[in-house]
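Secondary and tertiary structure notes
Listed here are the chains, written in short residue letters.
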Amino acid sequence: MSLAKVLVIGGAGYIGSHVVKALLKENFKVTVYDNLSTGQSCNLFADAKFVEGDILDEAKLNATMVEGYDAVVHLAAKKAVGESMENPQLYAQNNIIGSVNIFNAMLKNKIKNVVFSSTSAVYGTPEYTPLDEKHQLEPLSFYGFTKLEIERLMEWYSRLKDFHYIALRYFNAVGYAADGSIKGKEKNSHNLLPIIMDVLQGERDKLLIYGNDYNTPDGTCLRDYIHVEDLASAHVAAIKKLLEEPCSYAINLGTGKGLSVLEIISAVERVTGRKVRYEFAPRRAGDPAEVFAGNELAKKILNWQPRYTNIDEIIQTVWNMEQK
């Protein structure tokens, strides 16, 4: 199994490059397929083959998959929630049609296994926390809707064809490889930690915290921050699971605990020794008070649990990247 061949679509991106790194460490033979729209060539590893291609290019996908792979990791998607609400046609085209192209090319080339990069956005407003996989699925954004539709597509393909998947529902991905091996910083991130780093670097005037009157210990929203290397190790575990036995699952990836915006700011100030300029703003529509994962299924099915449980340690990896 150590020489299994894996095609990582979106493998030059922020999460993808960490997944490729983890696969190479486990002696998988890796090919990266990426259009470099948000992925970066500096995140490509010499030990992995690279094909520049788009998921909307069916011919290129087919030509790439003809080489034969034991599994595909599908990380190629547009993921800005706000943009998805303004331009749903772009997200339908790229995320849904692009995914259909990938799965059809897999079937055409008799590739049975896919690990799919999904999201906690499929759940919508939590009716309870921690969120487990039995929670109802009611996305609040078109982005979340596209990810859920792709999960449903895979579920149908698995019923009708020799096709097996593990959809990994990420919570808030943060951090960088602790050894500094990933060179390119994530582009155009709309997430909390990158915005805080922009404030520290003088690229933004201040951080706006939307709402300080939530029913949480300090009034600000709680989220589940999972280190990207923990996400990457779960992808490796998911591929191994699929290669061991035909199965299909949707599985949460989170730490199982929530941290507030103010707790993140305090941790950043501890790690960097700098003050973060911020001010409170009105709540945003659709922002739940707390979102954090139940991760028992990941522990049970993938024998996985997060190694990075100290937020200061995670933030240190982000600050190290900023220092570069």
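So, here's what we can say about the structure. (Residues numbered from 1 in each chain as written. Predicted model: local features only at pLDDT ≥ 70, side-chain atom pairs only at ≥ 80, totals over all residues. Heavy atoms only, no water.)

1. Regarding the sheet that holds strand E3 (residues 49-52)
Pairing between the strands of a sheet comes from backbone hydrogen bonds, and it takes one of two forms, parallel or antiparallel. Filter applied, for reference: Strands qualify as paired when DSSP identifies two bridges or more between them. In DSSP terms, a helix is any run of H or I states spanning at least four residues, a strand is any run of E spanning at least two, and both are numbered starting from the N terminus. Fitted lines through C-alpha atoms give the axes, limited to the stretch in contact for helices. The angle between two N-to-C directions lies from 0 to 180 degrees. Pairs of residues are marked as contacts when any of their non-hydrogen atoms sit within 4.5 Å.
Reading across the sheet, the seven strands line up as E3-E2-E1-E4-E5-E6-E11 and stay open at both edges, with parallel pairing between neighbours. Each having just a single partner strand, E3 and strand E11 (249-253) make up the two edges of the open sheet. Each strand axis lies, on average, 20° off the axis of its neighbour in the sheet, ignoring direction. Bridge count for strand E1 (residues 5-9) against strand E4 (residues 71-74) is four bridges, and the pairing is parallel. Bridge assignment links valine 8 to a residue of E4, and that residue is valine 73. Sheet contacts for helix H5 (residues 142-160): strand E5 (113-119), strand E6 (164-170) and E11; angle to E5, the most-contacted strand, approximately 155°. The sheet contacts of helix H7 (residues 228-244) involve E1, E4, E5, E6 and E11, and relative to E6 the element is tilted by about 160°.

2. Quick notes on helix H2 (residues 58-65)
To keep it simple, the criterion reads: Exposure classes here rest on a 1.4 Å probe applied to the protein chains alone. A residue is buried below 20% of its type maximum, exposed above 50%, and partly exposed in between. The arc under discussion is defined with respect to the helix axis, by the directions toward the C-beta atoms.
When we look at burial in H2, the residues that qualify are Leu61, Asn62, Thr64 and Met65. Buried residues of H2, seen end-on, are gathered within an arc of 165° and therefore sit on one face of the element. Exposed and oriented more than 90 degrees from the buried face of H2 are Ala59 and Ala63. Next to the buried residues of H2 lie E1, strand E2 (29-34), E3 and helix H4 (88-108).

3. Quick notes on the pattern of salt bridges
What counts here: Only one rule defines a salt bridge in this text: a Lys or Arg side-chain nitrogen within 4 Å of an Asp or Glu carboxyl oxygen.
A full pass over the atoms with the stated rule returns 19 salt bridges. With a closest N to O distance of 3.1 Å, glutamate 149 and arginine 152 form a salt bridge. Residue glutamate 149 and its partner arginine 152 are both found in helix H5; the two are separated by three residues, about one turn of the helix. Between aspartate 205 and lysine 206 there is a salt bridge, with the nearest N and O atoms lying 4.0 Å from each other. With a relative accessible area of 33%, lysine 206 lands in the partly exposed category. Residues participating in the shared-partner salt-bridge network are Lys21, Asp179 and Glu229.

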